[in-house]
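Each chain, letter by letter, is given below.
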Amino acid sequence: MAKDRRVYVCRECGAQFVSWAGQCAQCDGWATIEEASVAAPRGSAADIPNVEPLSQFDVAGAVPIPTGLDEVDRVLGGGLVPSSVSLLGGEPGIGKSTLSLQMAMSVAAAGSSVLVITGEEAPTQVAARAGRLGSIPDELSVVDTTDVDTVVAAITAAKPQLAVIDSIQTLEAAGVDSAAGSVTQVRAAAHRLVEVAKRTGTSVVLIGHVTKDGNLAGPRLLEHVVDTVLSFTGDRHHDLRFLRAIKHRFGSTNEVGVFEMLPAGLAAVDDPSSRFLADRRPGVAGSVVVPTLDQRRPVLVEVQALASAHGDRPVSLTANGVSSPRLKLVAAVVQERGGIALWGNEIFASAAGGAEVTEPGGDLALALAIATAATGVGLAADVVACGEIGLSGEVRSVAQLDRRLQESHRMGFRRAVVPRSATAGPTGLELIRVDTLADALGQLHNLRSMSGPKAA
Ligand code: TYD
Ligand code: MG
């Protein structure tokens, strides 16, 4: 009979190696490689499995049950599916415990039993937090443990509709000779929890901490094991938080849930566009609004640029909330194809209010922001711009333009600079179709602000 095999696994990216190394050859992480064991195959005398017609399976079991938090249900395509395991990943302090406790309280308030397994905080801390979030439902119970066997026993006995485990990194499986949070422990714990979820019909939500660069530390390995991977992100200097599905076995990964962290917990933000445009000063040179897409949800964001003369030196670029590679490309195209000299300037580009514009649909707005920052002529308050820019200066089509234009119209914009290929927009939104960036720059005299500063 074959022996269990020793392998070395990177806790950041999950890459496997036959020998230990100080640095992972795949993700370049230092001191991330740990020893793990892989069970040997169980010989050839396996039982003959049941081979069953697919059509005879009851699919009703995969019907999601609403959590009652609309933004969560939007991302999950209705709610949590019984017997499923979801991983909720995010940086420490972003609000994972808060969000999952709000889910737990909402599900319990609707009359279903919920278990919160707390390995990180004491039950009194959980109770204090729950008390700040609302009234604590009777159906909500807590188990204070880091032992996987205890967790499995608790879920098996109580068969709750929802079990929240905070966090997967604190769990330890007896008999696994490795520290909590290690690859071997996290994987062993997750497999046990998947098994108990299937057996009891409980929806299990696992909380997992991710590192700064977005890797699910340890739980990265779990992406294959769980049904759903949710990512909770936000800029710590702002109150907005975003929930996105990275993987979802029961539905699309196209939605985003938007929340605001308030003293009494996370509140849904129904209208992110209004939030991002709240403090805008229309007409200022270097400010252009873009209907960007977050997953499939159109959101209006103000892209800003500032050109600051710094002597007879090459252009330098600083990006904040916009992608650095796209800023580089767009600035080069503004100069080479748009004919606007940027030499001797330090260009700062950002997405206002903690938003992020990393998709190519933001290129045209970024280019117009840089161009207007350099020339000092602002755009009128009622203009948005959207399009991808290519190296020859062409303005290319973008995904879901119709939905972006609908959102622009809803937010009161009246004119949109768009690629030539754009079909009709909503009534009341005039489309200014352009082939190239030079073409768009040629239209600036029609689009300029009458109130903002004029060109020198
Ligand atoms: P937490 O959910 O503990 O984050 P995580 O579990 O991801 O580490 O929340 C982190 C921050 O949220 C904490 O610094 C305090 C803040 N917070 C609020 O602003 N309002 C609230 O109602 C709660 C519960 C937390
Ligand atoms: Mg926490």
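Because the structure is a prediction, the values reported are computed rather than measured. Every chain begins its residue count from 1, and numbering advances along the sequence as written. Naming scheme: in the order in which they are written, chains are lettered from A and ligands are numbered from 1. With the structure being a predicted model, the display of local features is reserved for residues of pLDDT at least 70 and the display and counting of side-chain atom pairs for 80 or more, all residues being used for whole-chain, interface and lining totals. Here the side-chain values reflect all heavy atoms present in the structure, with hydrogen atoms and water set aside.

## Notes on the overall build of the chain
Assigned secondary structure in the chain consists of 11 helices and 21 strands. Taken over 456 residues, the chain has a buried fraction of 50%. By sequence separation, contacts in the chain at least 24 residues apart represent 66% of the contacts at least 6 residues apart. Under the convention used here, a 1.4 Å probe and the Shrake-Rupley method define accessible areas, while residue burial counts only the protein chains that appear. For the chain, the exposed area adds up to about 20,900 Å²; of that, 52% sits on carbon and sulfur atoms. Segments assigned H or I by DSSP are reported as helices when at least four residues long, segments assigned E as strands when at least two residues long, and all are numbered from the N terminus. Exposed residues in this analysis have more than 50% of their type's maximum accessible area, buried residues have under 20%, and partly exposed residues fall in between, with area computed by a 1.4 Å probe over protein chains only. Only heavy atoms matter for contacts: two residues are in contact if any of them lie within 4.5 Å across the pair.

## Re the site of ligand 1
Not every one of the 15 residues close to ligand 1 is listed here, only the nearest: G93, S97, T98, L262 and G265. N or O atoms closer than or at 3.5 Å make up a polar contact, with two conditions inside protein: a donor-capable atom paired with an acceptor-capable one, and, for residues adjacent in sequence, both atoms drawn from side chains. At 2.8 Å, a backbone N or O of K96 approaches an oxygen atom of ligand 1. Note that an oxygen atom of ligand 1 is positioned 2.7 Å from one of the side-chain N or O atoms of S97. Protein contacts shield 72% of the accessible area of ligand 1, which totals 550 Å² for the unbound molecule. Residues are labelled near a given molecule or strand when at least one of their non-hydrogen atoms is within 4 Å of it.

## Remarks on unusual backbone geometry
Of all residues except glycine, most have a negative phi; of all peptide bonds, most are trans. The amide bond that connects D166 to the next residue, S167, takes the cis arrangement and shows omega of 5 degrees. Looking at the element boundaries, S167 is found in the loop between strand 7 (162-166) and helix 5 (183-200). The phi angle at S83 is positive, at roughly 70 degrees, despite the residue not being glycine. By the secondary structure assignment, S83 is in the loop between helix 1 (70-76) and strand 4 (85-90). Phi is positive for K159, which is not a glycine, with a value near 40 degrees.

## With respect to the sheet that holds strand 10 (residues 240-248)
The pairing criterion for strands is at least two bridges between them, as found by DSSP. Taking strand neighbours across the sheet as the criterion, the nine strands line up as 6-5-7-8-4-9-10-11-12 in an open arrangement whose pairing is mixed. The sheet terminates laterally at strand 6 (140-144) and strand 12 (265-268), the two strands that pair on one side only. Neighbour-to-neighbour, the strand axes of the sheet open up by a mean angle of 25 degrees, direction not taken into account. The sheet contact formed by strand 7 and strand 8 (residues 203-209) spans four bridges and is parallel. Across the sheet, residue A163 finds its bridge partner in strand 8, namely V204. Only the contacting stretch of a helix is used when fitting its axis, a line to C-alpha atoms as for every element, and angles between N-to-C directions run 0 to 180 degrees.

## Here we look at the packing of helix 4 (residues 148-158) against helix 5
Between helix 4 and helix 5, whose axes approach to 10 Å, the crossing angle comes to 10 degrees. Considering their axes alone, helix 4 and helix 5 lie roughly parallel with respect to each other. Each of V148, D149, V151, V152, I155 and T156 in helix 4 lies in contact with helix 5, whose residues at this interface are A189, R192, L193, V196, R199 and T200. Note on residue classes: Ala, Val, Leu, Ile, Met, Phe, Trp, Tyr, Cys and Pro are nonpolar, Asp, Glu, Lys and Arg are charged, and everything else, Gly too, is polar. Considered class by class, the residues forming the contact of helix 4 with helix 5 number seven nonpolar, two polar and three charged. For classification, angles of less than 35 degrees are called roughly parallel, those exceeding 145 degrees roughly antiparallel, those between 65 and 115 degrees roughly perpendicular, and all remaining angles oblique.

## Let's talk about the environment of L405
Position of L405 among the secondary structure elements: in helix 9 (residues 401-410). Measuring from C-alpha to C-alpha, the distance between L405 and P272 comes to 15 Å, with 133 residues separating the pair along the chain. Apart from the residues within four sequence positions on either side, L405 is in contact with A416, V418, G425, P426, L429 and L431.

## Some details on the domain arrangement of the chain
How far each domain reaches was decided by an automatic or database domain assignment. Domain assignment breaks the chain into domain 1 (5-38), domain 2 (62-269) and domain 3 (274-449). The straight-line distance from the C-alpha centre of domain 1 to that of domain 2 is 27 Å.

## Looking at the packing of aromatic side chains
Note on aromatic pairs: the rings of Phe, Tyr and Trp (six-membered ring only in Trp) are paired at centre separations within 6.5 Å, and the planes decide the class, stacked below 30 degrees, edge-to-face beyond 60, tilted for the rest. Enumeration according to the criterion identifies two aromatic pairs in this entry. Between F232 and F259, the aromatic rings sit 6.0 Å apart at their centres with planes inclined by 75 degrees, giving edge-to-face as the arrangement. Of this pair, F232 sits in strand 9 (residues 228-234) while F259 sits in strand 11 (residues 256-262), placing them 27 residues apart in sequence. Look at F242 and F276: their rings are 6.5 Å apart centre to centre, the planes differ by 10 degrees, and that puts the pair in the stacked class.

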